[in-house]
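# Residue-level structural notes
Here is how the chains run, residue by residue.
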Amino acid sequence: MDSFEKIEKLIELSKEKKKVMENILGTIRLQKRFIELENIDAFLKQDELRQKYIKRIEELDYKFCTLFNKLKSDFNIDSIEKIDINKYSRVKNLKEVVCQILKLEQEIKTKEFENIQLLKENNNYLSNKFKFMKQGKKVVEKYNVYKNLSKDKKSTK
C-alpha cells in the first residue's frame, strides 16, 4: 500500500469513526429523554448500544493508529502537519474529518456530563420520594396502632 492509499484508508476509517460517534451522540440524547421519563430499562438498553459503539471505535482507533504510524514512518515525520499538502492534497480532507471528530467528542462529553447531572438530580428526587414514602408508611403504621387502641377501648366497653 503506497502513501496515497494509506491516506485514503485513514480518511475512510475517520469517516466511519465519525458516523459511529454520531450514533453515540444519538444514544446519549435518547438516554437524556429516558432519564426525564424515568424509564430505566430503556436507558440501560441505550447504554448497552453505546458500549457496542465504543467497542467499534476502539477497533477503528487501533486500525487508524497502526496505519498512521506506518504513514509517519514512510514520510519519516512525527506529525501529520509535516506532510506536503500540495503533493498530498487528501491530507487536508483527513485533517477536516479529524477536526469534525474532535468537535463531536466535545459535544459527546458535554451531553454525557449533562446526563450525569440529570441522573444525580433524578436520583436525589427519587431518594427523597422514597424517604417521603417511608415516612408516610410510618405514619400509617402509627395510625393503625391508634386505630387498634380505639378498637380495644370499644371492645372493653
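Above this note sits the structure.
Presented here is a report on the structure given in the accompanying data block. (Residues numbered from 1 in each chain as written. Predicted model: local features only at pLDDT ≥ 70, side-chain atom pairs only at ≥ 80, totals over all residues. Heavy atoms only, no water.)

## Notes on the side chain of lysine 6
As for its position among the elements, lysine 6 is in helix H1 (residues 3-36). By relative accessible area, which is 8% here, lysine 6 ends up buried. Every residue in contact with lysine 6, bar those within four places of it in the chain, is listed here: Met1, Leu67, Lys70, Leu71 and Asp74. (Helix = DSSP H or I, 4+ residues; strand = E, 2+ residues; numbered from the N terminus. Buried < 20%, exposed > 50% of the residue type's maximum accessible area, 1.4 Å probe, protein only. Contact = heavy atoms within 4.5 Å.)

## Considerations on the packing of aromatic side chains
All chains considered together, the criterion is met by three aromatic pairs. Each ring, one from phenylalanine 4 and one from tyrosine 88, has its centre 4.7 Å from the other, and the planes form 40°; the classification is tilted. Placement of the pair is phenylalanine 4 in helix H1 and tyrosine 88 in the loop between helix H2 (40-75) and helix H3 (90-156), with a sequence separation of 84 residues. Here tyrosine 88 falls in the buried class, since its relative accessible area comes to 10%. (Phe/Tyr/Trp six-rings, centres within 6.5 Å; stacked < 30°, edge-to-face > 60°.)

## Remarks on the pattern of salt bridges
Throughout the structure, instances matching the rule amount to 15 salt bridges. With its nearest N and O atoms 2.7 Å apart, the salt bridge here joins arginine 29 to glutamate 107. Pair noted here: arginine 29 is in helix H1 and glutamate 107 is in helix H3, with a separation of 78 residues, a long-range link. Under the relative-accessibility criterion, arginine 29 is labelled partly exposed at 46%. (Salt bridge = Lys/Arg side-chain N within 4 Å of Asp/Glu carboxyl O.)

## Section: the packing of H1 against H2
Remark: H1 packs on H2, axes separated minimally by 9 Å, with the N-to-C direction vectors making an angle of 160°. Compared by their axis directions, H1 and H2 come out roughly antiparallel. The crossing of H1 and H2 is left-handed. In terms of residue class, the contact of H1 with H2 is built from 22 nonpolar, six polar and 11 charged. (Axes fitted to C-alpha atoms, helices over the stretch in contact; angles between N-to-C directions. Parallel < 35°, antiparallel > 145°, perpendicular 65-115°, else oblique. Left-handed = near helix turned anticlockwise from the far one by under 90°. Nonpolar A, V, L, I, M, F, W, Y, C, P; charged D, E, K, R; others polar.)

## Here we look at the nonpolar core
If you look at the biggest cluster of nonpolar residues, it comprises 25 residues, and the most contacted ones within it are Leu10 and Ile83. Sorting the residues of this core by element identifies H1, H2 and H3 as the ones contributing at least two each. For this core, the leading source of residues is H1, giving nine residues. The residues touching isoleucine 83, leaving out its near neighbours within four places in the chain, are Leu71, Phe75, Ile77, Tyr88 and Val91. Ile35, Ala42, Phe43 and Leu118 belong to the second-largest nonpolar core, a separate cluster that totals five residues. (Core = buried A, V, L, I, M, F, W, Y, C linked by side-chain atoms within 4.5 Å.)

## Let's talk about unusual backbone geometry
Unlike most non-glycine residues, glutamate 38 shows phi in positive territory, near 55°. Examined against the element boundaries, glutamate 38 turns out to sit in the loop between H1 and H2. Unusually for a residue other than glycine, asparagine 76 sits at a positive phi of about 55°. Tracing the backbone through its elements, the reader meets asparagine 76 in the loop between H2 and H3.

Distances and angles like these do not, on their own, reveal function.
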